[in-house]
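Architecture and fold: a report
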Amino acid sequence: MLWIAIRMLTGDRQKFYGLLFGIAFSTLLITQQLTIFVNLLERGASGVYNVSSADVWVMDPVSRTSDVAYAMPSTALDQVRGVAGVEWAVPHIRGQASVRTKDGDLEGVAIIGVDDATLIGLPKGMIEGSTDVLSQPDSVIIDDVGAARMFPGASPMGERLELNDQRAVVRGIADAIPSFTSTVVLYTKYSQALRYVPGTRNRLSFVLVGAADGISAKELTERIEKQTGLKAETRDEFAQGGVNFIIENTGIPLNFGITVLLGFIVGVAIVGLTFSLFIRDNIKQFGALKAIGVTNGKIAQMVAIQAGMVGMIGYGLGVLGTVGFISAFSNNPTFKGFYIPWQIPLISFAAMVLIITLTGWVALRGVMKTEPAAVFR
Amino acid sequence: MALLPQNLSFSRRILPIIALVGLAFAVFFIWRGLPDRSLSEPDQEPARATGALANSSRVAGAGLVEPSSEIIDIGTALSGLVTDLRVQPGDYVTKGQPLFTVDDRAARARIGETNAAIGEARAAIAEAQTAQRTAEAQLALYRSVEDSAAVSRSEVIKAEGDASSARSRLQLARARLAAAQAALSSARTELGRLTIRAPITGEILAVNIRPGEFVSTMGGNSQPFIRMGETRPLYIRIDIDESEAPRIKLGAPALVSPRGAADRQVNAEFVRAEPLVVPKTSLTNSASERVDVRVLQVLYQLPADAEGAEQLFRVGQQVDAFIPAVDGENNGGGKTQETAE
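Residues numbered from 1 in each chain as written. Chains lettered and ligands numbered in written order. Predicted model: local features only at pLDDT ≥ 70, side-chain atom pairs only at ≥ 80, totals over all residues.

**Concerning the UniProt feature "transmembrane region" (unreviewed entry) in chain B**
Using the following cut-off: UniProt positions are given in the numbering used here, feature names are shortened, and annotations may be inferred rather than shown by experiment. Only DSSP runs of H or I reaching four residues or more are called helices, and only runs of E reaching two or more are called strands; each is numbered from the N terminus.
Per the UniProt record, the feature "transmembrane region" (unreviewed entry) sits at residues 14–31 of chain B. Between the first and last C-alpha atoms of residues 14–31 of chain B the distance is 25 Å; the span itself is 100% helix and 0% strand.

Here it is as structure tokens:
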């Protein structure tokens, strides 16, 4: 009997593919837009996630994100080191500078100075070169997206730059997630960064802290804040802070929210209309089935299996489309580091189930009321 | 249900399979694509408090290695050209050992000159003595003549005058000798001042002059000529933020490691805390530099027998230090830790 339902469904190819298209398209729209939305927001946290070994970030109480930070006096490092439960603490500087390229162009760059001795603060992976190059004089490591932006079509290795009247030589390319503004990032040692970033009295932007065994990062942040009066946040809190900053200061959530809503509405409209039209067209068949004694419950099952099949195939194709989209653009610097959070397919699945049940239920009401005599009309 | 395998329906059979395979692929892709945000251990050992300090209240500070005598910038008493350099960086010199000499030709010429003046003065003395003797003899001769008419009164007066003036000339010549001898002594002193000697026993840390260069008493060169200091033992001067200063347990040994070798820590003995709290030296090179951080400087002595300490700590090197703190005082930090543990 259920097989009949499926044959009914696929009998009219146009309607079947119309239904599939509607569901696949709205799945694609919702999943893909949500993915880009989440990834764009997480660009605000990329500065935090690029540093792989710090449990806790310590900053001035007015600092907000990894890029909006107010510098502290250099003794803040020692204050943090004096807190029990801090296994290690290293200085971290993030500053803006203008760089003059070989052609004379001016480009705004972010300078990230990492601890001289341990190089804590560098991204985990390198695309070209090794982190040891920072021990050579005037070395900087550029991030891969920045390299593509600043030296299109050429290798940046060995390029000379002029930073704050100082020489800088690119000797490595780091594998890093770009920031929200996709600024070119130059990594160098802390002492070197002090020379590259035009000077103010206080330079230390952050203190990166590793928690000792047996103390949670959260507990440690409270201890640091109590003892030093500085602001301390765990890695996840600080990453969330960066995301919140973008939510508060840009129109992205509103714009993408509208797109996701539109995807939902388009999905409901296409699927709902096609599905209810399909049911209505088949009302004679349902009538005939009723005439030969098929119960309403069995018919509901049939409609459910029809909806389930269309939904499953459409959803599968839609998710596949999103995956294809993300992987096709994964080499594009704009989409560097984009991924599909596992929650998003579940959300779009829930949306899909909602659309299907909604339209199926509406269509089913008509079938339920159908009298067996309808077959003769 | 007369569906045979040979007339496979695309919509009914293949499409669902494509969708399922696609879903499985998507799950795999999504799972693989999730970003790696795990925390990793740093590759290189950062400075950390170990042992008893690891989980108790402590004060951290950065410091510099310095000689126990502090660094002595050797100056010169006299300006001139460097003619001879007797030491090189790393030499261990004893007190009074010559370090370098300044051009002494002028001083030596003066010595020759004064020697000549001494000879001249001696000759003048001899000459004056002869003249005196002659005059004395003449006067004695006149005096021995008893017949007052034989010698005129004026002759006698003249002879007396001659004798007296010869005595004065002798005195003058003696005074000249004394003056020439004094000049010689002064020239010798000057010669001695042209050899610059080590003020203490210690190690030569830097030599910024080369033979032929001009050294001036006015400074002039931005760099000190020679820097030296007693490096046995070495001291460490640790800057402690003034806000942390009350917490520090003075007298307790500090755990010290040089930059870049954080895993090789040594225990340094407390020497003293400087009585003067000074502005923190921060090297920003800014013209409008202001200071609002002041630091208490605490001195610690590096153990001389620490394994490889010679290679590990060098004068001027930056070190990280951890010092025990006074427990549970003044800012509740210690108390929270106690309750937390």
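**Focus on the domain arrangement of chain A**
Residue and element names in this part refer to chain A. Short version of the rule: Annotation comment: domain bounds sourced from an automatic or database domain assignment. Any residue pair is listed as a contact if its two C-beta atoms, each placed from the backbone, are within 7 Å. Each residue gets one of three labels, nonpolar for Ala, Val, Leu, Ile, Met, Phe, Trp, Tyr, Cys and Pro, charged for Asp, Glu, Lys and Arg, and polar for the others, Gly among them.
The domain boundaries assigned to chain A delineate domain 1 (2–43 + 251–376) and domain 2 (73–229). Once you take the C-alpha centre of each, domain 1 and domain 2 turn out to be 48 Å apart. The interface of domain 1 with domain 2 comprises 4 residues on the first partner and 7 residues on the second. Here the side of domain 1 that touches domain 2 is built from residues that sort into 1 nonpolar, 1 polar and 2 charged.

**Describing the environment of A49(B)**
Residues and elements named next belong to chain B. To be explicit about the condition: With C-beta atoms placed from the backbone, a residue is buried if 20 or more other C-beta atoms are within 10 Å of its own, exposed if 12 or fewer are, and partly exposed between those counts.
Mapping A49 onto the fold places it in the loop between α1 (10–33) and β1 (58–67). Residue class for A49 comes out buried when judged on the 26 C-beta atoms lying within 10 Å of it. For the pair A49 and I238, spaced 189 residues apart in the sequence, the C-alpha separation amounts to 15 Å. If we ignore the near neighbours within four places in the chain, the residues touching A49 are A54, R58, L255 and F322.

**With respect to the UniProt feature "transmembrane region" (unreviewed entry) in chain A**
With numbering aligned to this structure, UniProt lists the feature "transmembrane region" (unreviewed entry) at residues 16–41, 256–279, 299–330 and 342–364 of chain A. Across residues 256–279 of chain A, helical content stands at 100% and strand content at 0%; the span's end C-alpha atoms are separated by 34 Å.

**Overview of the interface of chain B and chain A**
Facing the 56 residues of chain B at the interface are 49 residues of chain A. At the level of elements, α1, β1 and α5 (333–340) of chain B are the ones that each hand at least two residues to the side of chain B that touches chain A. Of all the elements, α1(B) adds the most residues to the side of chain B that touches chain A, at 13 residues. For the side of chain B that touches chain A, the residue count by class is 25 nonpolar, 20 polar and 11 charged.

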